[in-house]
Amino acid sequence: WVLWLTADSRPFASRGLAIGRATAPSPDGPWTVDPDPVLVPGEEGTWYSKSVGHPSVIRVGDEWWMYFDGFVSDLDAEADRAVGVATSSDGIDWVVAERPVFTSSPDGWDAARVMAPSVIVTDDTYVMTYMSTWRREGQGFLADFGYATSDDGTTWSRGPENPLIKNTGTIGYITSGFGSTVGNELFL
């Protein structure tokens with residue numbers, strides 16, 4: 001069993017995240033966390049130079065594909081994140097695509113940022129649920145959730161019903177949502 005996770009290099013930091021890996025002989029453990037992260041922020045000037053987080057890993061043929069959000073700003077500014085993909089033959093050494101595969105829209109409900117991707121494959125379609133936090137409430141942002149689809153896992157089209165789940169402000173903060181399938185139905 002393999003689990004990829006977001007790890008923080010310092011307690012309660014808002015940036016400096018890395019992606020780690022843990023393995024276990026069964027879902028019940030015991031889990032062993034690798035001593036080093038498998039994905040860290042890129043060099044200055046890259047689209048993920050400040051931080052990486054929220055990994056979603058799928059198997060595509062003989063490769064692992066990891067979707068994740070990359071931070072391009074140290075501040076909670078608008079348009080500070082994008083979703084990218086990295087590939088690996090062993091789940092440890094990753095090659096990150098030069099450009100993100102999904103960015104915020106020019107206008108609309110997800111104009112500020114896109115983050116926390118969860119990707120699954122149904123038949124021949126990739127489905128990604130993702131979070132957008134564009135409305136500030138107090139010290140943080142309220143999160144809404146939508147979806148996008150792709151035929152190849154790299155070119156995405158937003159769902160026409162977005163956002164699927166909208167935070168009305170009654171919930172303090174939802175940090176991520178994950179899609180899954182049961183039979184032929186997709187659930188968020």
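Residues numbered from 1 in each chain as written. Predicted model: local features only at pLDDT ≥ 70, side-chain atom pairs only at ≥ 80, totals over all residues. Heavy atoms only, no water.

Caption draft 1: Spotlight on the overall build of the protein chain. Looking only at helices and strands, the protein chain has zero helices and 13 strands in total. When the helices and strands of the protein chain are listed from N to C terminus, the series reads β-β-β-β-β-β-β-β-β-β-β-β-β. In the protein chain, which comprises 188 residues, the share counted as buried stands at 44%. Excluding contacts between residues fewer than 6 apart, the proportion of contacts in the protein chain whose partners are at least 24 apart in sequence is 45%. Just so you have it, the protein chain exposes about 10000 Å², and 52% of that area is on carbon and sulfur atoms. (Helix = DSSP H or I, 4+ residues; strand = E, 2+ residues; numbered from the N terminus. Buried < 20%, exposed > 50% of the residue type's maximum accessible area, 1.4 Å probe, protein only. Contact = heavy atoms within 4.5 Å. Areas by Shrake-Rupley, 256 points an atom, 1.4 Å probe, with all protein chains shown as cover.)

Caption draft 2: Region of the structure containing a negative patch on the surface. Together, Asp 123, Asp 124, Asp 151 and Asp 152 make up a region of like negative charge exposed at the surface. Counting through the fold element by element, Asp 151 comes out in the loop between strand 10 (140-150) and strand 11 (157-158). When its relative accessible area of 69% is taken as the criterion, Asp 151 is described as exposed. (Patch = residues over 30% accessible without salt bridge, like charges linked within 9 Å, V, L, I, M, F, W, Y side chains within 5 Å. Salt bridge = Lys/Arg side-chain N within 4 Å of Asp/Glu carboxyl O. Lys, Arg positive; Asp, Glu negative; His and termini not counted. Charge placed at Lys NZ, Arg CZ, Asp CG, Glu CD.)

Caption draft 3: Structural detail: the packing of aromatic side chains. Tallying each qualifying case throughout the model produces ten aromatic pairs. Considering the side-chain rings of Trp 47 and Phe 68, the 5.3 Å spacing of their centres and the 25° angle between planes classify their relative orientation as stacked. Placement of Trp 47 in the loop between strand 3 (32-33) and strand 4 (51-60) and of Phe 68 in strand 5 (residues 63-71) is noted, with a sequence separation of 21 residues between them. For Trp 47, a relative accessible area of 9% gives the class buried. Here the aromatic rings of Trp 65 and Tyr 126 are separated by 6.1 Å at their centres, their planes lie at 15°, and the arrangement is stacked. One end of the pair, Trp 65, is in strand 5; the other, Tyr 126, is in strand 9 (residues 125-137), and 61 residues separate them in sequence. Each member of the pair, Trp 65 as well as Tyr 126, is classed as buried. Three or more aromatic residues joined by ring pairs make a cluster, and in this case those are Trp 65, Tyr 67, Tyr 126 and Trp 156. A cation over an aromatic ring shows up here: Arg 59 above the ring of Trp 64, its NZ or CZ 4.5 Å from the ring centre. (Phe/Tyr/Trp six-rings, centres within 6.5 Å; stacked < 30°, edge-to-face > 60°. Lys NZ or Arg CZ within 6 Å of the ring centre and 35° of its normal.)

Caption draft 4: Highlighting a nonpolar patch on the surface. A cluster of nonpolar side chains, contributed by Trp 1, Leu 3 and Trp 31, occupies part of the molecular surface with about 350 Å² of accessible area. Looking at the secondary structure, you find Leu 3 in strand 1 (residues 2-8).

Caption draft 5: Main features of the confidence of the model for the protein chain. For the protein chain, per-residue confidence averages 83 on the pLDDT scale, and residues scoring 70 or more make up 77% of the total. The lowest-confidence element of the protein chain is strand 12 (residues 180-182), averaging 55 in pLDDT; the highest-confidence one is strand 7 (residues 95-96), averaging 98. (pLDDT = per-residue confidence, 0-100.)

Caption draft 6: A look at the sheet that holds strand 1. Overall, antiparallel pairing links the three strands, which are arranged 1-2-3 in an open sheet. The sheet is open, and its two edges are formed by strand 1 and strand 3, each paired on a single side. (Pairing = 2+ DSSP bridges.)

Caption draft 7: Representation of the pattern of salt bridges within the structure. The full count for this structure, using the stated rule, is four salt bridges. Glu 44 serves as the salt-bridge partner of Lys 50, at 3.4 Å between the closest nitrogen and oxygen. Between Glu 98 and Arg 99 there is a salt bridge, and its shortest N-O distance comes to 3.8 Å. Exposure remark for Glu 98: the relative accessible area of 66% places this residue in the exposed category.

Caption draft 8: A look at the sheet that holds strand 7. The four strands are arranged 4-5-6-7 in an open sheet whose pairing can be described as antiparallel. Looking at strand neighbours, the two that pair on one side only are strand 4 and strand 7, the edges of this open sheet. Here strand 5 runs beside strand 6 (residues 81-88); their pairing, made up of eight bridges, is antiparallel. When the sheet's bridge partners are listed, Tyr 67 is paired in strand 6 with Val 85.

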